[in-house]
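Examination of the molecular architecture
These are the residues of each chain, in order.
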Amino acid sequence: MTTSTGMLNLDGLYAARAREARVVGHWPDAAEGTISLAYGFAAPEKFPTDGLIAATTEVLAEDAARALNYGPTYPGLIQLIAGRLQARGIESSAERVLVTHGSSQAIGLLAQVFLDPGDVVIIEGPTFLGAVNSFREAGARLVTVNIDEHGLDPAVLEATLEALQRAGTPAKLLYTIPTFHNPSGTLMPPERRARLLALAAAHNLLILEDDAYGELYFDAPPPPSLAALDRAGVVVYIGTFSKILAPGVRIGFAHARPEIIQRLVMFKIEGGNGPYLTRVVERYCADGRLDEHITGLRQVYRQKAHVMFDALERELGDMLQYRKPDGGFFVWGRLGYGISAQALLHASQRLGVTFVPGSGFYADGQGGDTIRLAFSLQAEPAIVEGIRRLGMAARQVRAAGA
Ligand SMILES: Cc1ncc(COP(=O)(O)O)c(C=O)c1O
């Protein structure tokens with residue numbers, strides 16, 4: 001049956017899950033001239049364009065016939081990932097690694113493998129909702145545990161786990177970002193990491209550790225990851241090349257026990273990531289080149305972060321309370337003087353700067369007085385100008401009493 005426009009009527013054709021799905025994966029464009037401090041985009045000036053061109057040329061010259069035909073993920077890249085994880089104290093090997101289309105795909109596959117409708121997933125408040133959407137679409141019941149300035153507090157988690165247990169709805173999975181958290185920038189100290197692992201083992205809880213930013217510290221390396229400390233096989237570790245190489249390559253991975261990897265593979269039904277890009281990325285990263293590149297990134301993000309800290313001090317003063325992160329891409333702050341994040345966003349957009357209001361990082365509607373500012377994308381002068389505009393907007397909202 002067609003509609004009045006002569007187009008096929010899709011209403012009766014959509015599957016129930018598509019009719020009920022929420023809109024995700026949409027990146028609204030900032031208006032022309034607007035300085036976006038919204039998304040965690042990588043620093044474009046640091047993309048290793050020449051290195052990637054050289055790697056592409058080499059791979060095609062050497063073996064175009066295999067690189068460009070159907071084929072699996074290049075085994076050399078899997079080895080490279082396992083080797084990098086080992087260098088960070090994680091007991092890894094090729095059968096413990098699955099390469100995916102960004103870490104987002106790994107998170108989606110884990111939701112398919114572990115979650116039935118109604119299963120309880122514990123998430124941090126705030127957290128990266130891009131991941132949480134995968135749990136939502138799997139029909140999970142989300143339980144938010146608020147974090148403090150050191151990330152997730154095991155005591156609060158324990159109380160939540162016990163309450164869920166008593167209610168007959170034990171939690172199945174915990175999604176956590178212990179290192180340079182998105183959005184809050186927090187870093188979980190070693191004692192909390194150890195306590196978290198013990199709790200998970202005692203409660204038969206799977207931990208999904210998202211380590212998108214772990215290598216991007218400013219001064220000192222972070223404590224060992226949960227995966228490096230895990231002796232009971234409770235951690236599934238998720239990593240990505242998005243922040244250390246380029247988001248456009250869409251290469252991420254899961255590291256987990258081999259039996260979990262085998263399950264994940266069953267749901268990666270489009271097959272591997274293919275031989276071409278995975279070969280090129282391996283070629284670029286090999287022989288210490290990626291490590292050298294990451295050393296340069298740390299300096300750039302450190303510098304951008306400090307430019308933002310200084311500008312915030314100057315332009316917002318006590319209108320924004322925040323803790324300086326030691327790595328990652330973001331500043332997370334709480335607005336003072338009753339300024340609402342939504343009102344600030346509207347005023348900011350009129351002045352040509354944008355950010356993400358904190359409510360975009362809570363699954364349960366909290367965060368109305370919080371904001372996230374990304375320093376990763378913009379050049380230093382744009383960060384300074386963006387924060388100047390943000391300061392003007394904050395003064396306007398404050399004066400208007402909104
Ligand atoms: C904490 C966290 N996890 C995962 C991702 C997604 O990364 P990918 O590009 O690998 O899908 C992001 C991206 O912003 C992130 O901040």
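Residue numbering note: each chain is counted from 1, following its sequence as written. Note on the predicted model: pLDDT of at least 70 is required for a residue's local features to be given, and 80 or more for side-chain atom pairs to be given and counted; whole-chain, interface and lining totals, by contrast, use all residues. Where side-chain values are given, they derive from all heavy atoms of the structure, hydrogens and water being excluded.

**Thoughts on the site of the ligand**
Convention followed: If even one non-hydrogen atom of a residue comes within 4 Å of a molecule or strand, that residue is called near it. Polar contact is defined as a pair of N or O atoms within 3.5 Å, subject to the rule that within protein one atom must be able to donate a hydrogen and the other to accept it, and that residues adjacent in sequence are counted only when both atoms are side-chain atoms. Surface accessibility follows the Shrake-Rupley procedure with a 1.4 Å probe radius. Residue values consider only the protein chains on display as shielding. By definition, any uninterrupted DSSP run of H or I lasting at least four residues is a helix, any uninterrupted run of E lasting at least two residues is a strand, and each is numbered from the N terminus. Any residue that is not Ala, Val, Leu, Ile, Met, Phe, Trp, Tyr, Cys, Pro, Asp, Glu, Lys or Arg is counted as polar, Gly included; the first ten are nonpolar and the last four charged.
In the neighbourhood of the ligand, 13 residues make up the surrounding shell, with S104, D210, Y213, T240 and S242 lying closest. S103 is positioned with one of its backbone polar atoms (N or O) 2.7 Å from an oxygen atom of the ligand. At a separation of 2.7 Å, an oxygen atom of the ligand approaches a polar side-chain atom of N182. Look at the ligand: alone it shows 400 Å² of surface, and the protein chains cover 91% of it. If you tally residues by element for the shell around the ligand, the top one is helix α4 (residues 102–114), at three residues. Considering only residue class, the shell around the ligand consists of four nonpolar, six polar and three charged.

**Observations regarding the sheet that holds strand β13 (residues 370–374)**
Selection rule: Strand pairing follows a simple DSSP-based rule, namely that at least 2 bridges must link the two strands.
One open sheet holds the four strands; their spatial order is β9-β10-β13-β12, and the pairing between them is antiparallel. Each edge of the open sheet carries a strand with a single partner, namely β9 (320–322) and β12 (356–357). With two bridges joining them, β12 and β13 adopt antiparallel strand pairing. Bridged to V356 within β13 is R372.

**Description of the pairing of strand β10 (residues 330–335)**
Definition in use: Throughout, exposure labels follow a simple rule: accessible area from a 1.4 Å probe, protein chains only, divided by the maximum for the residue type, with under 20% read as buried, over 50% as exposed, and the rest as partly exposed.
Across the six residues of β10, five count as buried, placing the element largely inside the fold. In this structure, β9 lies alongside β10, joined through three bridges in antiparallel fashion. Considered in β10, the bridge of Y322 is made with G333. For β10 and β13, the ladder comprises five bridges, and the chain directions are antiparallel. If you follow R334 over to β13, its bridge partner there is T370.

**A short note on the side chain of S376**
Using the following cut-off: The contact criterion used is simple: two residues touch if any of their non-hydrogen atoms lie within 4.5 Å.
Inspection of the secondary structure puts S376 in the loop between β13 and α13 (380–400). Among the residues examined, S376 registers a relative accessible area of 0% and is labelled buried. Among the polar contacts listed, one links the side chain of S376 to the backbone oxygen of F41, at a separation of 2.7 Å. Setting aside its immediate chain neighbours within four residues, S376 contacts Y39, G40, F41, A42, A43, Y301, K304 and F329.

**As for the sheet that holds strand β2 (residues 97–101)**
To keep it simple, the criterion reads: Axes, fitted as lines to C-alpha atoms, cover a helix only where it is in contact. Angles between the N-to-C directions of the axes lie from 0 to 180 degrees.
Pairing is mixed in the open sheet, where seven strands are placed in the order β2-β8-β7-β6-β5-β3-β4. Two strands in the sheet have a free side with no partner beyond their single neighbour: β2 and β4 (141–146). Averaged over all adjacent pairs, the angle separating strand axes in this sheet is 25 degrees, with direction ignored. The sheet contacts of α4 involve β2, β5 (171–176), β6 (206–210), β7 (235–240) and β8 (251–255), and relative to β2 the element is tilted by about 115 degrees. Its contacts with the sheet place helix α7 (residues 190–203) against β5, β6 and β7, and it is angled at close to 145 degrees to β6.

**Some thoughts on the packing of aromatic side chains**
Our working definition: The aromatic pairing rule takes the rings of Phe, Tyr and Trp, using the six-membered ring of Trp, and pairs them if the centres are within 6.5 Å, calling planes under 30 degrees apart stacked, those over 60 edge-to-face and the rest tilted.
A full pass over the atoms with the stated rule returns twelve aromatic pairs. With a centroid separation of 5.6 Å and 65 degrees between ring planes, the pair formed by F135 and Y175 is classed as edge-to-face. Separated by 40 residues along the polypeptide, F135 in helix α5 (residues 129–137) and Y175 in strand β5 bring together distant segments of the chain. Assigned by exposure class, F135 and Y175 land together as buried. Ring geometry for Y213 against F330: centres 5.7 Å apart, planes inclined by 75 degrees, an arrangement best described as edge-to-face. Separated by 117 residues along the polypeptide, Y213 in the loop between β6 and α8 (226–229) and F330 in strand β10 bring together distant segments of the chain. Of the two residues examined, Y213 and F330, each falls in the buried class. Aromatic rings pair up to connect Y213, Y301, F329 and F330 into one cluster.

**So, α13**
Put simply, the rule is: Every helix has an expected span of 1.5 Å times one less than the residues it contains.
Here α13 is 21 residues long and its end C-alpha atoms lie 30 Å apart, about the 30 Å a rise of 1.5 Å per residue gives. Taken together, the buried positions of α13 are A382, I383, G386, I387, R389, L390, G391, A393, A394 and V397. For α13, the secondary structure elements touched by its buried residues are β1 (35–36), α11 (289–315), α12 (341–351), β11 (353–354) and β13. Just downstream of α13 lies G401, where phi reads positive at about 70 degrees.

**A look at the domain arrangement of the protein**
What counts here: Throughout the structure description, domain borders are defined by an automatic or database domain assignment. Note on definitions: buried area is the accessible-area loss of two parts on being combined, 1.4 Å probe, summed for both. Should a side-chain nitrogen of Lys or Arg be within 4 Å of a carboxyl oxygen of Asp or Glu, the pair is scored as a salt bridge.
When its domains are assigned, the protein resolves into domain 1 (29–48 + 292–400) and domain 2 (49–287). Facing 27 residues of domain 1, the contacting portion of domain 2 comprises 34 residues. Approximately 2700 Å² of surface area, both sides summed, lies buried where domain 1 meets domain 2, with 60% of it carried by carbon and sulfur atoms. Interface area lost by domain 1 to domain 2 is led by P48, R298 and A363, which between them contribute 23%. Linking domain 1 with domain 2 are one salt bridge, by the criterion used here. Where domain 1 packs against domain 2, one counts 14 residue pairs in polar contact (both at pLDDT 80 or more). Within the residue set of the side of domain 1 that touches domain 2, elements represented by two or more residues are α11 and β10.

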